[in-house]
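Working through the structure, step by step
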Amino acid sequence: MTSTGFSVGFKTRDAETQGAELAWQGTPPPWLNGSLLRTGPAKFEVGADAYHHWFDGLAMLHRFAFEGDRIRYTSRFLRSGSYRDAIVNNTIVHDEFATNRTGPVWSRIFSRLTGKPTDNGNVNVLAYGGHDMVALTETPYPLRIDPKTLETLGPFAWSDGLKSEVTTAHPHYDAARQLIYNFEIAFGRKTFYRFTRMTPGSHNRSVVAEIETSEPAYTHSFAMSERTLILAEFPLVTTPLRLLLGGRPFIESYRWLPARGVRFTVIDKETGAIIRRAEAGTCFSFHHVNAFDEDGVVVLDLLAYPDARIIDALYLAELRAGKAIPQSLLTRFAIPLGEGPVTQTVLSAAPLELPRIAYHRLAGRRHRYVWGASPTGSGFFDSLVKQDLETRNLASWTEKDAFPGEPVFVAAPNAASEDEGVLLSVVLDRDQERSFLLVLDATTMTECARAYAPHVIPFGFHGNYFPDAA
Ligand SMILES: [Fe+2]
């Protein structure tokens, strides 16, 4: 394989695809009737301008619709403010994660102050507690989308008056409480971390807890147990002044200060009270996997990198040059709610990213299985893995010159066991220069079926399966 084997997955795809009928090879389970909705960057150049980082590209939505023997694929650009302004002006207008709009520094500062924040929902697609379908990025500007046509319907408008600048595209749904939790940061003269909760169907967040901070940490996700919310502050931090006046793109305003270590704050979901603050050795993470309460301890699994160099490795120039990305390890932190140190254990020998669990069943409760994409031989995600945390058994799926994305776990109806179901993953077939939708048996990690799209689907981040009629 050439060193740039996977780079075709980072090329702009300008064309949209409308309801392409794909052909199954193999046999998907008969109960797979619904749709997989995903988002990811697909347009990396606008006029003479170019985005710098994988996280910057303009969002394209993807839909695989399953109906009987049929599978259809549709893609559509998210008509975000970032997208519309870029197309109309033929240049980058909104600052993104690692790319600022062009123009003199003063105009960039002005735009920061006056606000043309991005709403480029290229990170995740979900339905708020089964209600509004939204495309999300790490700003508090979700966009509503039509799950059937992928049309952009408009902003998901908050009615609560809460102001913040950044949030996560990984809200949690607590099915027992029927509440959506998320985390945000409100920058200002005083800066606050804030946990919110919201009833599905409402547009009204309420504050669970606010914690003042002078050096906010970059936070891509957070963890939730049945009883608690957990903030992990990795030592990639900024200050409001650096962010506002530094003239640098958002993420380049953050500094890696490893001596800070990782700082955990455990919060009571009901009262918002801080139950425990604790520290551990340094690491960086994008993705929490899950957390659960056990005998006076909060157990938290996340994917730990030794440092924040993964962010640099995901600049498009690095990826297109085929440079290997750093590897993250599935790591368990046990945080005593009383006194006592945090303990830390690596749970898998395989590097793992884009993790999924049997979320509907086990969010906030002890899980046994973690699935994810793994960068092993090629330097980019080239296998899908399943880590059994009881037996420590590791199973994987891999194929020559195939580069899979996030494996979305779909439980079988009335599943008897945690891992009964399938994984859905969009895989780049480098040789055929096409992507395919892969259906894996989540128990055995063997292939049930695949269906080729007519073209390469640029690598994306996250999505979800919706068991509605296709
Ligand atoms: Fe993510």
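Per chain, the residues get numbers from 1 upward, laid out in the order the sequence is written. Local features in a predicted model are, by the rule used here, given only for residues with pLDDT of at least 70; side-chain atom pairs are given and counted only at 80 or more, and totals for whole chains, interfaces and linings are based on all residues. Only hydrogens and water are set aside; all other atoms, that is, all heavy atoms of the structure, feed into the side-chain values.

Some words on the pattern of salt bridges
What counts as a salt bridge is simple: a side-chain nitrogen of Lys or Arg found within 4 Å of a carboxyl oxygen of Asp or Glu. Per the counting criterion, the structure on display carries 30 salt bridges. One salt bridge in this structure joins Arg205 and Asp160, with 2.7 Å as the shortest N-O distance. Of this pair, Arg205 sits in strand S16 (residues 205-213) while Asp160 sits in the loop between strand S11 (152-155) and strand S12 (166-167), placing them 45 residues apart in sequence. We note that Arg205, like Asp160, is buried. For Arg255, the salt bridge identified is with Glu215, shortest N-O distance 4.0 Å. Here a helix means four or more residues in a row that DSSP labels H or I, a strand means two or more in a row labelled E, and each is numbered from the N terminus. Accessibility here uses a 1.4 Å probe with only protein chains present; expressed as a share of the type maximum, an area under 20% marks a residue as buried, one over 50% as exposed, and anything in between as partly exposed.

Quick look at the pairing of strand S7 (residues 70-77)
The pairing of strand S1 (residues 17-22) with S7 spans four bridges and is antiparallel. The residue bridging Leu22 from the neighbouring strand is Ile71, located in S7. Two strands form a pair only when DSSP identifies at least two bridges running between them. With eight bridges connecting them, strand S6 (residues 58-67) and S7 associate as antiparallel partners. What sits directly across from Phe64, in S7, is Tyr73. A loop of two residues connects S6 with S7, the two strands running antiparallel in sequence, and Gly68 in this loop sits at a positive phi of about 60 degrees.

Looking at the side chain of Arg63
Position of Arg63 relative to the elements: it lies in strand S6. Contacts described as polar in this section are N or O atom pairs within 3.5 Å, which, within protein, must combine one atom able to donate a hydrogen with one able to accept it, while residues neighboring in sequence count only if both atoms come from side chains. Of note is the side chain of Arg63, whose polar atom sits 2.9 Å from the backbone oxygen of Pro147.

Remarks on the environment of Phe333
For Phe333, the position within the fold is in strand S25 (residues 329-336). Whether two residues are in contact is decided by their heavy atoms: any pair within 4.5 Å suffices. Phe333 has contacts with Phe264, Ala280, Cys283, Val298, Val299, Leu300, Leu302, Val342, Thr343 and Gln344, leaving out every residue within four places of it along the chain.

Structural notes on the coordination of the iron ion
Metal coordination here is assigned from N, O and S atoms located within 2.8 Å of the ion, or within 3.2 Å for Na, K and Ca; omission of water means that sites may look incomplete. Protein coordination of the iron ion is provided by His170 (NE2), His220 (NE2), His287 (NE2) and His462 (NE2), with donor distances spanning 2.0 to 2.1 Å. Around the iron ion sit four donor atoms; with metal-centred angles ranging over 94 to 160 degrees, the donor geometry is irregular. On the primary sequence, the residues serving as donors to the iron ion are separated as H-x49-H-x66-H-x174-H. Taken together, the residues His170 in the loop between S12 and strand S13 (172-174) and His220 in the loop between S16 and strand S17 (223-224) connect sequence positions 50 residues apart. The buried category is assigned to His170, whose relative accessible area is 13%. Relative accessible area serves as the criterion here: at 6%, His220 is assigned to the buried category. In this scheme the shape depends on donor count and angles: four donors with every angle between 85 and 135 degrees give tetrahedral, four or six donors with opposite pairs above 155 degrees and others between 65 and 115 give square planar or octahedral in turn, and any other case is irregular.

Quick look at the sheet that holds strand S23 (residues 288-294)
Read from one edge of the open sheet, four strands run S23-S24-S25-S26, paired in antiparallel fashion. Pairing within the sheet leaves two strands with one partner each, and these edge strands are S23 and strand S26 (343-351). Direction aside, the axes of adjacent strands within the sheet are offset by 15 degrees on average. Of the strand pairs in this sheet, S25 and S26 are connected by five bridges, and their pairing is antiparallel. Its bridge partner being in S26, Phe333 is matched across the sheet by Gln344. To obtain each axis, a line is fitted to C-alpha atoms, and for helices this fit is confined to the stretch in contact; angles are then taken between N-to-C directions over 0 to 180 degrees.

Things to note about the pairing of strand S21 (residues 262-268)
The buried count for S21 comes to six of seven residues, which makes it a mostly enclosed element. Judged from the six bridges that link them, strand S18 (residues 228-233) and S21 form a sheet pairing that is antiparallel. When the bridges of S21 are listed, Ile230 appears paired with Val266. Two successive antiparallel strands, S21 and strand S22 (residues 274-280), enclose a turn made up of five residues, where Gly272 displays a positive phi of approximately 80 degrees.

Side note on the packing of aromatic side chains
Pairing of aromatic rings covers Phe, Tyr and Trp, the last through its six-membered ring, and needs centres within 6.5 Å; plane angles under 30 degrees mean stacked, over 60 mean edge-to-face, and all others mean tilted. One pass over the full model with this rule turns up 37 aromatic pairs. Their ring planes at 85 degrees and their centres at 5.2 Å tell us that Phe55 and Phe461 sit as a pair that is edge-to-face. Taken together, the residues Phe55 in the loop between strand S5 (49-50) and S6 and Phe461 in the loop between strand S35 (447-452) and strand S36 (463-466) connect sequence positions 406 residues apart. Given a relative accessible area of 6%, Phe461 falls into the buried group. Arranged with centres 5.0 Å apart and planes meeting at 75 degrees, the rings of Phe156 and Trp158 form a pair that is edge-to-face. Positioned above the aromatic ring of Trp158, the side-chain terminus of Arg205 is 3.9 Å from the ring centre. Whether a charge sits over a ring depends on NZ of Lys or CZ of Arg being within 6 Å of the ring centre and within 35 degrees of the ring normal. In this structure, Arg320 is placed above the aromatic ring of Phe44, and the distance from its NZ or CZ to the ring centre is 5.4 Å.

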